[in-house]
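Analysis of the macromolecular model
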Amino acid sequence: MKSVASLKNESLTVGGSPLCAGCPASLGLKLALQALGKNTIVINASGCMTLYVTYPYMPLKTPWIHLAIENAAAGASGIRAALRETGKKNINVICYAGDGATYDIGFQSLSSAVERGDKFIYICYNNQSFSNTGVQKSGATPEKAYTTTTPKGNPFKRKPLVKIMAAHGMPYTATACVSFPMDYMKKLRKASKINGPSFIDLLCPCPTGWGFHSSRMVEVGKLAVLTGAWPLYEIENGKFKLTYTPAKLLPVERYLSLQYRFKHLSKKEINEIQRKINEEWFLLEKGKYWEAEEY
Ligand SMILES: Cc1ncc(C[n+]2csc(CCOP(=O)(O)OP(=O)(O)O)c2C)c(N)n1
């Protein structure tokens, strides 16, 4: 399958939602359901997407359960156990949770569900902040980015969560981006065939939280990947592979300069980010994932 237009599965979402214009997380969910099909149960942790599927808006044609921000993954374990006990087979169980719910508040339940080896796909729709409650810093916020709780820029490095999940010894972990739908959907299909837990960190450029016009959402995501700020890769049974390698990385300034959250950066700070990305890519291209420090 080469393009989104050639997809055969019916769309499992319908129009009508209270989300911001250009919301990447709703696109990420639509694509996930299109990749996985209607035999899918979605578990959501509190966040923007909770508003997407809340009365009077019911845009999904699949089952949907909203759980507390701490325990989406524990819910996946419970649903998988119920399906097992009732003899129901070939049903995908997915968690669709924001980065605040994943990197921070719900991390313990995610870690435990993975430790138990339960079969489910955890998709973190990663807009790099707690967007729904006013764009506060999360563990996924990149260094130096403005958020409402880091008005002078985030002083911390972002948590290397894909590495942390891979270190659990789980069979499949990957990064993805809504601007690269075929790469994302291929990873989802692969994850659905794995007999155990899988984790996909899906970059979702948030127009509202990052400060750019909603019409540029896909472009910002493309630039994240083409500049090397968000590498696309997978780790299957411990084996690291880049799934997209730009012929030559574009300067990261092209990605940063489109966003309000990086407007305060000096030339020196931009150069420093560029240096970090170059170092990271030097190692990633050699397959030295564990030595590479993510920007
Ligand atoms: C224990 C707990 N703390 C705080 C909240 C308030 N809360 C609701 S949604 C949300 C933001 C979640 O952020 P994220 O997971 O990144 O999803 P996004 O808002 O970006 O969609 C917060 C903090 C909550 N529901 N439960």
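Being a predicted model, the structure only gives us computed values, none of them experimental.

Description of the side chain of Asn-44
- Position of Asn-44 among the secondary structure elements: in strand S1 (residues 40-45).
- Of note is the side chain of Asn-44, whose polar atom sits 3.1 Å from the backbone oxygen of Tyr-96.
- In this view, Asn-44 contacts Met-49, Thr-50, Trp-64, Ile-65, His-66, Leu-67 and Tyr-96; residues no more than four positions away in its chain are not counted.

Concerning the environment of Asn-237
- Residue position: Asn-237 is located in the loop between strand S7 (233-236) and strand S8 (239-242).
- Residue classification places Asn-237 among the exposed positions, given a relative accessible area of 63%.
- Once the C-alpha coordinates of Asn-237 and Tyr-289 are considered, the two residues, 52 residues apart in sequence, prove to be 14 Å apart.

Thoughts on the site of the ligand
- In the vicinity of the ligand lie 16 residues, with Cys-48, Gly-100, Ala-101, Tyr-125 and Asn-132 positioned nearest.
- Contact distances for the ligand include 2.8 Å between an oxygen atom and a backbone N or O atom of Cys-48.
- In this structure, Ser-129 approaches the ligand through a main-chain N or O atom, which is 3.0 Å from an oxygen atom.
- Contact with the protein chains hides 74% of the accessible area of the ligand, taken as 590 Å² for the molecule alone.
- A total of 3 residues in the shell around the ligand trace back to one element, the largest contributor, which is helix H4 (residues 99-105).
- Here the shell around the ligand is composed, by residue class, of 5 nonpolar, 9 polar and 2 charged.

Some remarks on the state of the cysteines
- One pass over the full model with this rule turns up 0 disulfides.
- With no disulfide of its own, Cys-124 lies closest to Cys-204 among cysteine sulfurs, the gap being 8.2 Å.
- Cys-124 gets classed as buried once you look at its relative accessible area, which sits at 0%.
- Free of any disulfide, Cys-177 has its nearest neighbouring cysteine sulfur in Cys-204, separated by 7.6 Å.

Description of the sheet that holds strand S6 (residues 198-203)
- The 8 strands are arranged S2-S1-S3-S4-S6-S5-S7-S8 in an open sheet whose pairing can be described as mixed. Bordering the open sheet on either side are strand S2 (64-67) and S8, each of which pairs with just one other strand. Along the sheet, successive strands turn relative to each other by an average axial angle of 20 degrees, direction set aside.
- Of the pairings in the sheet, the one linking strand S5 (residues 172-177) to S6 comprises 6 bridges and is parallel in character. Each residue of the ladder has a partner; that of Thr-175, found in S6, is Asp-201.
- Helix H1 (residues 24-36) contacts S1, S2, strand S3 (92-98), strand S4 (121-126) and S6 of the sheet and is inclined by roughly 170 degrees relative to S3.

Things to note about the pattern of salt bridges
- Scanning the entire structure with this criterion turns up 12 salt bridges.
- Note that Glu-219 is salt-bridged to Arg-216, the shortest N-O span being 3.0 Å.
- A salt bridge links Glu-272 to Arg-275; the shortest N-O distance between them is 2.8 Å. Taken together, the residues span about one helical turn, with Glu-272 and Arg-275 both in helix H11 (residues 267-284) at a distance of 3 residues.
- One salt-bridge network, held together by shared partners, links Lys-190, Glu-234, Glu-236 and Lys-241.

Cut-offs and rules
Residues numbered from 1 in each chain as written. Predicted model: local features only at pLDDT ≥ 70, side-chain atom pairs only at ≥ 80, totals over all residues. Heavy atoms only, no water. Helix = DSSP H or I, 4+ residues; strand = E, 2+ residues; numbered from the N terminus. Polar contact = N/O pair within 3.5 Å; in protein donor to acceptor, adjacent residues only side chain to side chain. Contact = heavy atoms within 4.5 Å. Buried < 20%, exposed > 50% of the residue type's maximum accessible area, 1.4 Å probe, protein only. Near = heavy atom within 4 Å. Areas by Shrake-Rupley, 256 points an atom, 1.4 Å probe, with all protein chains shown as cover. Nonpolar A, V, L, I, M, F, W, Y, C, P; charged D, E, K, R; others polar. Disulfide = S-S within 2.5 Å. Pairing = 2+ DSSP bridges. Axes fitted to C-alpha atoms, helices over the stretch in contact; angles between N-to-C directions. Salt bridge = Lys/Arg side-chain N within 4 Å of Asp/Glu carboxyl O.

By themselves, these figures tell us nothing about what the structure is for.
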